[in-house]
Amino acid sequence: MTENKSCEGLCESRPHTEIADVPLGVSRRNALKGVAALFAAIGLSSASSAAFAAAKTYKVCKTTDIKIGSAKIFAVNGLPVVITQPKKGIFKAFNGYCTHQGAPLAASVGAVATQGTNMFCFQHGASFNTTTGAATGGPANRPLPKITATVSGTQVSVTL
Ligand code: FES
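Residues numbered from 1 in each chain as written. Predicted model: local features only at pLDDT ≥ 70, side-chain atom pairs only at ≥ 80, totals over all residues.

> Any chance you could break down the sheet that holds strand β1 (residues 57-62) for me, citing the residues and the numbers?
Taken in spatial order, the 7 strands line up as β1-β11-β10-β4-β3-β2-β5 in an open sheet, and their pairing is antiparallel. Sheet topology places β1 and β5 (110-112) at the edges, where each strand pairs with a single neighbour. Direction aside, the axes of adjacent strands within the sheet are offset by 35° on average. Pairing of β1 with strand β11 (residues 155-159), which is carried by 5 bridges, proceeds in the antiparallel orientation. Its bridge partner lying in β11, Tyr 58 is registered against Val 158. (Pairing = 2+ DSSP bridges. Helix = DSSP H or I, 4+ residues; strand = E, 2+ residues; numbered from the N terminus. Axes fitted to C-alpha atoms, helices over the stretch in contact; angles between N-to-C directions.)

> Outline the nonpolar core, supporting the account with residue identities and numerical values.
Ranked by internal contacts, the top residues of the largest apolar core, which has 24 residues, are Val 81, Val 82, Ile 83, Ala 93, Leu 105, Val 112 and Met 119. Those elements giving two or more residues to this core turn out to be β2 (71-76), β3 (79-87), β4 (90-95), β7 (118-120) and β11. Those residues in contact with Ala 93, other than ones at most four positions away along the chain, are Val 81, Val 82, Ile 83, Ile 147, Thr 148, Ala 149 and Val 158. (Core = buried A, V, L, I, M, F, W, Y, C linked by C-beta atoms within 7 Å. Buried ≥ 20, exposed ≤ 12 C-beta atoms within 10 Å, placed from the backbone. Contact = placed C-beta atoms within 7 Å.)

> Account for unusual backbone geometry, naming residues and giving values.
Geometrically, the link from Gly 138 to Pro 139 is a cis peptide bond, its omega value of 10° lying close to zero. Mapped onto the secondary structure, Pro 139 falls in the loop between β9 (135-137) and β10 (146-152). Notably, Asn 77 is not glycine yet its phi reads approximately 50°, a positive angle.

Put into structure tokens, the structure is as follows:
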């Protein structure tokens, strides 16, 4: 083990041996190549590139398709997306997979059952707030992940 003298003893709380033991001559570029090779070796290259893929905006429906206080589920790029209009002119979007056991909130594209400020999963009846996606009734206890919804004129779009 060697001792890193660059801090001149100012940061005594952290051991420096790991840093000092890295062979000299390993550039940042080569270190990144090594990380990429490691990801590829364990099959994460597509996952990592998907994670860095740019977000895309998709047109989903017209504002008139979602009545005030209602919710509908759509298939957007292979993902079930719930659009709600909890108040006039306010549109929200959520990942439509229930956080209980992962079923889409409705059996098919179309209306999601709602009552007051809640929408319900058709599988076991979990409820979620139509404005926030918060779980309001079991068996789910985690919120629906939010998705960015935008309205342009009468067009409702989401960004995934
Ligand atoms: S999968 Fe939705 S309540 Fe069980």
